[in-house]
Amino acid sequence: MINIPKGTKDVLPSESYKWQFVEGVARDVAAAFGVKEIRTPTFEHTELFQRGVGNTTDIVTKEMYTFTDKGNRSITLKPEGTAGTVRSFIENGLFSGVLPLKMFYITPAFRYERPQAGRLREFHQFGVEIFGAKGAETDAEAIIIASTLLKKLGVSVQLKINSIGCPECRKRYNEALKGFFAPHLESLCYDCKTRFEKNPLRLLDCKEEACKKINADAPSILDYLCEDCDKHFALVKDYLEIAGVEYEIDERIVRGLDYYTRTVFEFVASGIGAQGTVCAGGRYDGLIEELGGKSAPAVGFAAGIERLLIVMEQSGVEIPAPKAPTVYFAGMDTESRKQCFRLCSALRAAGISAEIDQMERSVKAQFKYADKLGVRYVAVIGESELAEGSMNVKNMATGESEKVDFANAVEYFSQK
Ligand code: ATP
Ligand code: MG
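Every value quoted in this text rests on a predicted model; they were computed, and no experiment measured them.

Engineer: Would you mind going over the packing of helix α5 (residues 136–153) against helix α9 (residues 227–242) with me for this structure?
Structural biologist: Interaxial distance between α5 and α9 falls to 8 Å at its minimum, and their mutual angle equals 45°. When the axis of α5 is compared with that of α9, the two are oblique. In this structure, the crossing between α5 and α9 has a hand that is right-handed. Between α5 and α9, the contacting residues are Ala136, Glu137, Asp139, Ala140, Ile143 and Ile144 on the first element and His232, Leu235, Val236, Tyr239 and Leu240 on the second. The class makeup of the residues in the contact of α5 with α9 is eight nonpolar, one polar and two charged.

Listed below in structure tokens is the structure:
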């Protein structure tokens, strides 16, 4: 037997409706905010992610699915959705269209990680990116889109926000961080020793307990913001308050990706431990230019669909199950089974869900099967029904029966 690769999951027919529900709500929320779908390839040139996600990030240093294709190109399965969206924005000249451009995607993403609950090697994201607007109302709008989605899905989460400033603020802050961490260098984990050299901000993102303990006393980025960044952050908070979105300021949030500027945020659910971050995002004004485009501000977020489903399940959210077929036609012999087939086809053509036997079941077994399906009506057709040109339709909920002419079947069930 060939097994599924480690860190991947099947979505079975019995549970796919849950995915459709989450994706449907996400699409509805996107539509309400004027956000249109973008679809980009599952794989891109490796360089896109090296530059777009950042060479010092965990994703690029450890987690990418990279391979050489038959044409000797280095290809990588997308580990996230932003870089491809930016590439497409630049390549298709969307800068010259109407701005801001609001886009969403629902995409698989691939990261070579140690699989555990809520951490897979192939997972799925709903993401939103808004390009071209630099004002704080856009940061707030991105956060509000995410918050609206989470509310509609019935998950209770905590919104944590922070500002990591602009490259100017960060230069001063990185110096301060180096000063703070230098005496602790020996106690830091292996990765953090590299981070100390290459990108001190990343030190705050470490998940090792020992590093987290030291991090607790690190200086706050908020004390190093320049005047403009400070004003911008204050405005974001104002807009969130106007929208009635509750937040908490968490100076430790820096996000794992290099391209963020100013606002960063996370929605965290309690209960699934280290994998509690269901949605994360922020502003990344430097990325579009970094990837070769004209400089343009941008803000976005991505929510992990698997994690959303876990949190929904834990919070006891009832996802509406798919509707059972309206009617089941039970036939007896070849001729009556043909009539069942005929009526079933006519109903389906009219958009009414109907079922017949395909397993050569006895009438008794067909009733059992119809019950399992949860159909609302069962019609039994035998020799006498064929002769009369009508059938008895049983309402499974009330047990009552009604005589319906074959000729009126579509009309009858279309009113049910
Ligand atoms: P984490 O800190 O949990 O590793 P991250 O910072 O790497 O998350 P992002 O790159 O911000 O995550 O991705 C956005 C969202 O995608 C996360 O908040 C999470 O919901 C989801 N996600 C990220 N990695 C995985 C994964 N390996 N499996 C399942 N979902 C994931
Ligand atoms: Mg990660």
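Engineer: What is the right way to look at the site of ligand 1 in this model?
Structural biologist: Near ligand 1 you find 16 residues, and of these Arg111, Glu113, Arg119, Leu120 and Arg255 are the closest. At a separation of 3.0 Å, an oxygen atom of ligand 1 approaches a polar side-chain atom of lysine 207. At a separation of 3.2 Å, an oxygen atom of ligand 1 approaches a polar backbone atom of valine 278. Considered on its own, ligand 1 offers 590 Å² of accessible surface; in the complex 92% of this is hidden by protein. Contributions of two or more residues to the shell around ligand 1 are made by β6 (122–131), β10 (277–283) and β11 (298–304). Ranked by the residues each element gives to the shell around ligand 1, the list is headed by β10, at four residues.

Engineer: What am I meant to see in helix α11 (residues 305–314) here?
Structural biologist: By the criterion of burial, α11 is predominantly enclosed, with seven of the 10 residues buried. For α11, the full list of buried residues reads Ile305, Glu306, Arg307, Leu308, Leu309, Val311 and Met312. Those residues of α11 that are buried lie in contact with α1 (16–32), β5 (101–110), β6, α5, β10 and β11. Taken from the residues just after α11, glycine 316 is the one with a positive phi, measuring 70°.

Engineer: Can you help me understand the pairing of strand β12 (residues 327–331) in this one?
Structural biologist: Here is the key point about a regular strand: its side chains alternate between the two faces of the sheet. For β12, the tally of buried residues reaches five of five residues, placing the bulk of the element in the interior. Pairing analysis gives three bridges linking β12 to strand β13 (residues 354–356), with the strands arranged parallel. Across the sheet, valine 327 pairs through a bridge with alanine 354, a residue of β13. Taken together, β12, helix α12 (residues 334–349) and β13 constitute a β-α-β crossover, and its handedness is right-handed. With five bridges connecting them, β12 and strand β14 (residues 377–381) associate as parallel partners. By the bridge assignment for β14, valine 327 is matched with tyrosine 377.

Engineer: Just to check I follow, could you spell out the packing of aromatic side chains for this structure?
Structural biologist: Any pair of aromatic rings gets described here by the distance separating the centres and the angle formed by the planes. A complete count under the given rule lists 14 aromatic pairs for this structure. Pairing tyrosine 173 with tyrosine 224 gives two aromatic rings, centres 5.4 Å apart and planes at 50°, and the pair type is tilted. Residue tyrosine 173 is found in helix α6 (residues 167–181), and its partner tyrosine 224 is found in the loop between α8 (209–215) and α9; the two are separated by 51 residues along the sequence. Taken together, a centroid distance of 6.2 Å and an interplanar angle of 85° make the contact between tyrosine 260 and tyrosine 284 edge-to-face. In this pair, tyrosine 260 sits in the loop between β8 (248–249) and β9 (261–268) while tyrosine 284 sits in the loop between β10 and α10 (287–290), placing the two residues 24 residues apart along the sequence. For tyrosine 284, a relative accessible area of 1% corresponds to the buried category. Ring pairs connect the aromatic residues Phe89, Phe95, Phe131, Tyr260 and Tyr284, which therefore count as one cluster. The aromatic ring of tyrosine 112 is capped on one face by arginine 121, whose charged end is 3.9 Å from the ring centroid. The ring of phenylalanine 196 is capped by lysine 178, whose NZ or CZ atom sits 5.4 Å from the centre of that ring.

The rules behind each value
Residues numbered from 1 in each chain as written. Chains lettered and ligands numbered in written order. Predicted model: local features only at pLDDT ≥ 70, side-chain atom pairs only at ≥ 80, totals over all residues. Heavy atoms only, no water. Axes fitted to C-alpha atoms, helices over the stretch in contact; angles between N-to-C directions. Helix = DSSP H or I, 4+ residues; strand = E, 2+ residues; numbered from the N terminus. Parallel < 35°, antiparallel > 145°, perpendicular 65-115°, else oblique. Left-handed = near helix turned anticlockwise from the far one by under 90°. Contact = heavy atoms within 4.5 Å. Nonpolar A, V, L, I, M, F, W, Y, C, P; charged D, E, K, R; others polar. Near = heavy atom within 4 Å. Polar contact = N/O pair within 3.5 Å; in protein donor to acceptor, adjacent residues only side chain to side chain. Areas by Shrake-Rupley, 256 points an atom, 1.4 Å probe, with all protein chains shown as cover. Buried < 20%, exposed > 50% of the residue type's maximum accessible area, 1.4 Å probe, protein only. Pairing = 2+ DSSP bridges. Right-handed = clockwise from strand over helix to strand, strands pointing away. Phe/Tyr/Trp six-rings, centres within 6.5 Å; stacked < 30°, edge-to-face > 60°. Lys NZ or Arg CZ within 6 Å of the ring centre and 35° of its normal.

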